[in-house]
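As a plain string of letters, each chain reads:
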Amino acid sequence: MSDLEITVGVCAYNEAKIIETAIRSVYSQVLEGIVIKEVLVVSSGSTDGTDEIVIGLSKEFPSLRLYRQEKKEGKNSAINCYLDNKVCDLVVMLNADNAFGTNDSLQKLVEPFRDPKVGITGGHPVPTNDTSDIVGFAVNMMWSMHHHLALEHPKLGEIIAFRDIGTRLPLDKQSDEDIIRMEIEKAGYTCIYVGDCIIRNRGPETFSDFQEQRVRVNAGECRMKKDFDYNIPTWNKKYLIRAMLACTRDLGFHPIKMIRVARWEIKFRKMAQEYVDSGKPDLNNWIRVESTKKL
């Protein structure tokens, strides 16, 4: 059985606080029959020392390469940059503020590609936020629901692997994983959610940051429906109700908190829909949420 060769792509904008953790989590993965040929970091207008950290790490990891964009061009531009410069047809997309949660997560994410029908896989984001405060609880509730929904109807985010079939992302859009998945499915490939591929992330710590992030995410999903008539499963009420019930197994039964978070999300979705319906441009240029920049 031949090895699967992969490129890991990382987009960064002022990620000096976290970029080393993300990169080291890639190189610490225990792999069998999978070879990381390269890790490509695209730094889009970073000014905080991100580039210098990556350059320093490249002395330790020779397959690590940095591509600099002189100005902040948005995540889709950065993704296109590493797709245009990679050497492998299988690509893993890792956010710079995330890190693998187990040393076999990358193996589990990539292994399904031994089936030639598989075109894209996604892992299981697990937030490091404390559930004792309402915003931390909200972050954990959203990702728990995401996980249980994805087990029923794959919904990918935070970490994906995919076959590069030539898709390049429009620079005026904010959606990335959803557009890539849409094009791969159009080409006849299947999508798989890998629930035991764990990716650690940090959700917002303040209500204002949580609102900003959720409105942005929902606006991107509204745009997918409006521009491409592409339905995102997280808008299906049937899936949402079942996922909300299932997440009580992860977080316990907290009806008051859950109702409060559900009301927030209804509000944020309404705000997102109104933003898209207003004809305003897509939120495509890297809206930064400061409180997420740690693990």
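Now for a look at the structure at hand. Everything quoted here is computed from the prediction, not taken from an experiment.

Relative to the assigned elements, L66 resides in strand β3 (residues 64-69). Note on L66: relative accessible area 23%, which makes it partly exposed. As a C-alpha pair, L66 and V41 span 25 residues in sequence and 4.9 Å in three-dimensional space. Apart from the residues lying within four places of it in its own chain, the contact partners of L66 are V41, S43, D51, V54 and I55.

As summarised here, the arrangement of the 8 strands in space is β3-β2-β1-β4-β7-β6-β8-β5, forming an open sheet in which the pairing is mixed. The outermost strands of the open sheet, each flanked by one partner alone, are β3 and β5 (99-100). Both strand β6 (residues 118-127) and strand β8 (residues 190-201) contribute to a ladder of 8 bridges, which runs parallel. Counted as the bridge partner of T121 is I192 from β8. Docked against the sheet, helix α2 (residues 50-60) engages β1 (4-12), β2 (34-44) and β3, running at close to 160 degrees with respect to β3. Sitting on the sheet, helix α6 (residues 177-186) is in contact with β4 (90-95), β6, β7 (159-163) and β8, with an inclination near 30 degrees to β7.

All chains considered together, the criterion is met by 5 aromatic pairs. Here F207 and F268 contribute two aromatic rings whose centre-to-centre distance is 6.0 Å and whose plane-to-plane angle is 45 degrees, an arrangement assigned as tilted. Of this pair, F207 sits in helix α7 (residues 207-228) while F268 sits in helix α10 (residues 255-277), and the two are 61 residues apart along the sequence. Residue class for F207 comes out partly exposed when judged on its relative accessible area of 33%. Using a relative accessible area of 0% as the deciding quantity, one classes F268 as buried. Ring geometry for F210 versus W264: centroids 6.0 Å apart, planes at 55 degrees, classification tilted. Taken together, the residues span a long stretch of sequence, with F210 in helix α7 and W264 in helix α10 at a distance of 54 residues.

Attention shifts here to the pairing of β1. Among the 9 residues in β1, 8 count as buried, and that is most of the element. Strand direction decides the pairing type here: β1 and β2, joined by 9 bridges, are parallel. Pairing of E5 across the sheet is with V35, part of β2. Each parallel crossover has a hand, and for β1 linked through helix α1 (residues 19-27) to β2 it is right-handed. Pairing between β1 and β4: 6 bridges, direction parallel. Of the residues in β4, the one forming a bridge with V8 is V92.

How each quantity is defined
Residues numbered from 1 in each chain as written. Predicted model: local features only at pLDDT ≥ 70, side-chain atom pairs only at ≥ 80, totals over all residues. Heavy atoms only, no water. Helix = DSSP H or I, 4+ residues; strand = E, 2+ residues; numbered from the N terminus. Buried < 20%, exposed > 50% of the residue type's maximum accessible area, 1.4 Å probe, protein only. Contact = heavy atoms within 4.5 Å. Pairing = 2+ DSSP bridges. Axes fitted to C-alpha atoms, helices over the stretch in contact; angles between N-to-C directions. Phe/Tyr/Trp six-rings, centres within 6.5 Å; stacked < 30°, edge-to-face > 60°. Right-handed = clockwise from strand over helix to strand, strands pointing away.

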